[in-house]
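# Fold and contact review
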Amino acid sequence: MTAEPAAPAHWVVRMNYRNRSVSWLIFVAVLSVHFLEHGHGPWAWWLMVLQFLVYPHVVYLRARHARDSLTAEIHNLLLDNFCFGLWAAALGFPLWIVFTLVICGCINMTAFRALKGVMQALAAAAAGATLMVALDGWRFTPETSLRVSLMSMLCLSAYLVLFARDAHTRTVALSATRARLRQSEAALQSQLQAIQSLQDQLTEQANRDPLTGLYNRRYLTTALQRETDACAREGATLALLLIDLDLFKQINDRHGHAAGDDVLCQISALLLQSMRPSDICCRYGGEEFLLVLPGMGLQTAVERAQALRQQVAERRWLADGQPIGVTLSVGVACAHNARVAPAALIDLADRALYQAKAEGRNRVCVAGDAPTQAPQADGMSMPPLPVQ
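Now for a quick tour of the structure. (Residues numbered from 1 in each chain as written. Predicted model: local features only at pLDDT ≥ 70, side-chain atom pairs only at ≥ 80, totals over all residues. Heavy atoms only, no water.)

Quick look at the environment of L348 now. Note that L348 resides in helix α10 (residues 342-358). For L348, a relative accessible area of 2% translates into the label buried. Through-space distance from the C-alpha of L348 to that of L242 is 9.6 Å; in sequence the pair is 106 residues apart. (Helix = DSSP H or I, 4+ residues; strand = E, 2+ residues; numbered from the N terminus. Buried < 20%, exposed > 50% of the residue type's maximum accessible area, 1.4 Å probe, protein only.)

Have a look at this one:
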């Protein structure tokens, strides 16, 4: 079996490796000048090479192959500060050299652990300095030459520039990522709106009669239950108009179904013209329509039915250029101040419509107020109003 390829190192590991390699190389020049000025022996030079030229590659490889490369790199940063403390005490705490080492170490830890990182960096440096003082004794020679001071400033400046460049690169990358996320979010929102619009369209299509565009019986089932509940809850009235086109089959038989469909569409448009925003107009059957009129009393509903009947009867209807007669029969039912089953209310309107048909069509018949119980056989309707 072949070993799985190692996961790439965390970007922090790669960034710190680059910064260490560049800034510590500059710091080698600073220490070299300081060593020459103070006549340090070969051991100091060898330790400098190991610390500032070899060490960055060793700790990078350690973090690169660690199970958790980011955690390993944080440990490397703490080890850096510990070593800085060793060097500070070993050199007698030269001011600019110590300042450069300690401030760089604090900046590194602050970037990843905020103020807690500062305390950890200072603690690690203090531990290193304490250990070196315990092993080699206390020396304090804070003076550095102007040349070493300037080079330390240059080294610190170079490190800050490198750090700022990396911060800028990450900021730009983060800004670009956020911009892409905003674009993706906007695109997703647009897709969701399109999906919602399609769902609304599908729902609307499912609730509409494809020929007339009126609501269908599927929608009526929910809507009428809602309105009867509101009627009982609010103590309001609710009227139903059940409308049937008289002798509609003869129109289809004599003039064709296209002419019949045209009449249905024109009747539907006529019904919609008289509708209030709260009214519901449904195609109840082949040539039957049902109007749900919330808040409308019986007398007003009868007047509405008579107006529709007269409007249809007086209109000039044509089929293939030939005049045809189109009339309506209407059954009216009304419920108020009590809960009534939707089926019972429709049954009342249907019985009134049947009476209108039986008495000669082209008329409006009215059922009594809807009872709270199932409708009875007797006393269901009033005498038909005279045809005008």
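Here we take up helix α2 (residues 42-64). Owing to its 3.6 residues per turn, the α-helix brings residues three or four apart onto one side. Taking 1.5 Å per residue, 23 residues should reach 33 Å; α2 reaches 32 Å between its end C-alpha atoms and fits that length. Bending of α2 peaks at approximately 50° at the position of Y55, with proline P56 no more than four residues after it. Every buried residue belonging to α2 is among A44, M48, Q51, F52, Y55, P56, V59, Y60 and A63, and all of these are buried. On the buried face of α2, the contacting elements are α1 (11-38), α3 (69-90) and α4 (95-136). (Expected span 1.5 Å × (residues − 1). Bend = angle between axes of the 7 residues up to and from the residue. Contact = heavy atoms within 4.5 Å.)

Quick look at the nonpolar core now. Counting 34 residues, the largest nonpolar core has L241, I243, I267, L291 and V332 as its most contacted members. Elements with a minimum of two residues in this core: β1 (237-245), α7 (248-255), α8 (257-273), β3 (288-294), α9 (298-314), β4 (317-319), β6 (328-336) and β7 (364-369). A total of six residues in this core trace back to one element, the largest contributor, which is α8. Beyond its immediate stretch of four places on either side in the chain, I243 contacts L271, E287, E288, F289, L291, L308, L328, S329 and V330. Membership of the second largest hydrophobic core comes to 27 residues, among which are A335, V340, A352 and A356. (Core = buried A, V, L, I, M, F, W, Y, C linked by side-chain atoms within 4.5 Å.)

Next up on the list: the pattern of salt bridges. In total, this model carries 13 salt bridges according to the counting rule given. One salt bridge connects R147 with E37, and the closest N-O pair in it is separated by 3.3 Å. Here E37 lies in helix α1 and R147 lies in helix α5 (residues 146-206), a separation of 110 residues in the sequence. For D209, the salt bridge goes to R283, with nearest N and O atoms at 3.2 Å. With a gap of 74 residues between them, D209 in the loop between α5 and α6 (217-234) and R283 in strand β2 (residues 280-283) connect regions that are remote in the sequence. Residues participating in the shared-partner salt-bridge network are R20, E73 and D80. (Salt bridge = Lys/Arg side-chain N within 4 Å of Asp/Glu carboxyl O.)

Moving on, we get to the packing of aromatic side chains. Evaluated as defined, the whole model comprises 13 aromatic pairs. Arranged with centres 5.5 Å apart and planes meeting at 10°, the rings of W24 and Y55 form a pair that is stacked. In this pair, W24 sits in helix α1 while Y55 sits in helix α2, placing the two residues 31 residues apart along the sequence. As far as the burial class goes, W24 and Y55 line up, both buried. Geometrically, the ring pair formed by F93 and W138 is tilted, given 5.1 Å between the ring centres and 35° between the ring planes. Of the two residues, F93 is situated in the loop between α3 and α4 and W138 in the loop between α4 and α5; the sequence distance between them amounts to 45 residues. Members of the aromatic cluster, connected to one another through ring pairs, are W24, F27, F35, W45, F52, Y55, F84 and W87. The lysine or arginine in question, R217, covers the ring of Y284, its NZ or CZ lying 4.1 Å from the ring centre. One cation-aromatic arrangement involves R315 over W317; the distance from NZ or CZ to the ring centre is 4.8 Å. (Phe/Tyr/Trp six-rings, centres within 6.5 Å; stacked < 30°, edge-to-face > 60°. Lys NZ or Arg CZ within 6 Å of the ring centre and 35° of its normal.)

Turning our attention to the side chain of R283. A relative accessible area of 17% places R283 in the buried class. Of the polar contacts made by the side chain of R283, one reaches the backbone oxygen of G286; its length is 2.7 Å. The residues touching R283, leaving out its near neighbours within four places in the chain, are D209, L211, T212, L214, Y215, N216, R217, L264, E288 and F289. (Polar contact = N/O pair within 3.5 Å; in protein donor to acceptor, adjacent residues only side chain to side chain.)

Now for the state of the cysteines. Throughout the structure, instances matching the rule amount to zero disulfides. Just so you know, C265 is unpaired, no disulfide at all, and the nearest cysteine sulfur is the one on C281, 12 Å from it. Residue classification places C265 among the partly exposed positions, given a relative accessible area of 28%. This cysteine, C334, is not joined by any disulfide, and C231 carries the nearest cysteine sulfur, 7.6 Å off. The class for C334 is buried, based on a relative accessible area of 1%. (Disulfide = S-S within 2.5 Å.)

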